[in-house]
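One letter stands for each residue in the lines below.
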Amino acid sequence: MRGSLHITVLCLLPCGFVIAASAGDKKPVYPSFDYDAARSHEIKPHRRTIPLAGVDEGFHQLQLELTVSPAGDVVDVKPSGDPKDMDQWQQAQDEVRQWKFTPFAQGGRAVTAEVDEYVDLVPPERLPTKHVAAPALRSDSAVTITLERTGCFGTCPGSRVSAGTGGIAFDGKYFVVAEGKHTDSVSADDVRELAKRFIAADFYSMEPVYRAGVTDNPTYLMGISIDGHTKQVEDYVGLVGGNAGNHLRAGGRR
């Protein structure tokens with residue numbers, strides 16, 4: 001009986017120590033901030049669309065739970081997503097870990113924060129296969145730049161905006177703050193400066209359509225006309241390449 005009791009006591013002591021150690025290793029609980037809050041704290045450059053070798057066309061998104069220090073540095077990342085997309089995390093994580101944020105505060109002081117973020121993984125940039133020279137842009141050139149957004153399976157805003165040397169016009173169709181047609185004046189020189197960015201991005205060399213084999217997303221139609229020389233590009237979750245992709249395509253959470 002004594003021998004049995006002695007053995008039982010010896011077994012209980014190590015178990016108690018394990019439990020105590022586990023309790024001491026419990027992860028601290030930090031204030032949590034959602035995606036909208038995170039976006040307002042992001043410090044550029046901060047791209048949520050990262051081109052990677054080995055990624056095919058389609059929708060590839062990883063959800064990220066970041067731990068951000070009081071100084072705004074990413075100190076830990078927990079990614080989640082489709083197993084095939086998780087295979088690409090090794091390539092993407094170095095960039096994500098370099099993200100910077102303005103400090104998150106609670107009670108008027110900077111704190112370590114748990115932050116919801118995401119990253120879209122896309123194939124490497126699709127460069128134009130043929131260069132098309134842009135028209136000459138003069139100090140008196142007539143310029144019109146347009147962007148039209150269509151609906152989707154959901155509440156994507158539908159609108160068309162045209163900014164030109166003759167003025168700006170907005171047509172809000174649905175799920176926008178200002179529905180209907182609205183006009184205003186705009187600096188012609190500012191429009192020409194924006195046109196310079198299209199030229200620098202080699203917009204006239206882009207293919208007419210960039211389309212992915214998915215459904216339920218909005219279509220973006222972007223165009224420019226310089227003294228009657230017009231170029232329009234249709235983007236439906238497409239692979240936009242080159243400088244044009246960096247300067248002109250706006251990504252978003254889906």
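Preceding this section is the structure that the text describes.
Figured I'd write up the structure that's included with this text. Just so you know, these numbers come straight off a predicted model, no measurement behind them.

**Section: helix 4 (residues 89-96)**
Listed in full, the buried residues belonging to helix 4 are Trp89, Ala92, Gln93 and Val96. In an axial view of helix 4, the angular spread of the buried residues amounts to 110 degrees, which keeps them on one side of the axis. Exposed residues pointing more than 90 degrees away from the buried face of helix 4 are listed as Gln90 and Asp94. Among the structural elements, strand 3 (49-51), strand 4 (61-68), strand 5 (74-80), helix 3 (83-86) and strand 9 (113-122) are those in contact with the buried residues of helix 4.

**Observations regarding the side chain of Glu114**
Within the element layout of this structure, Glu114 appears in strand 9. You can call Glu114 buried: its relative accessible area is 11%.

**Quick look at the state of the cysteines**
Inspection of the entire model under this criterion finds one disulfide. The side chain of Cys152 participates in a disulfide bridge whose partner is Cys156; the two sulfur atoms lie 1.9 Å from each other. With the S-S bond torsion at 90 degrees, the cross-link from Cys152 to Cys156 turns out right-handed. On the basis of relative accessible area, Cys152 is assigned to the partly exposed category, the value being 23%.

Quick notes on the rules
Residues numbered from 1 in each chain as written. Predicted model: local features only at pLDDT ≥ 70, side-chain atom pairs only at ≥ 80, totals over all residues. Heavy atoms only, no water. Buried < 20%, exposed > 50% of the residue type's maximum accessible area, 1.4 Å probe, protein only. Helix = DSSP H or I, 4+ residues; strand = E, 2+ residues; numbered from the N terminus. Arc of directions from axis to C-beta. Contact = heavy atoms within 4.5 Å. Disulfide = S-S within 2.5 Å.

Purely spatial values, then, with no claim about function.
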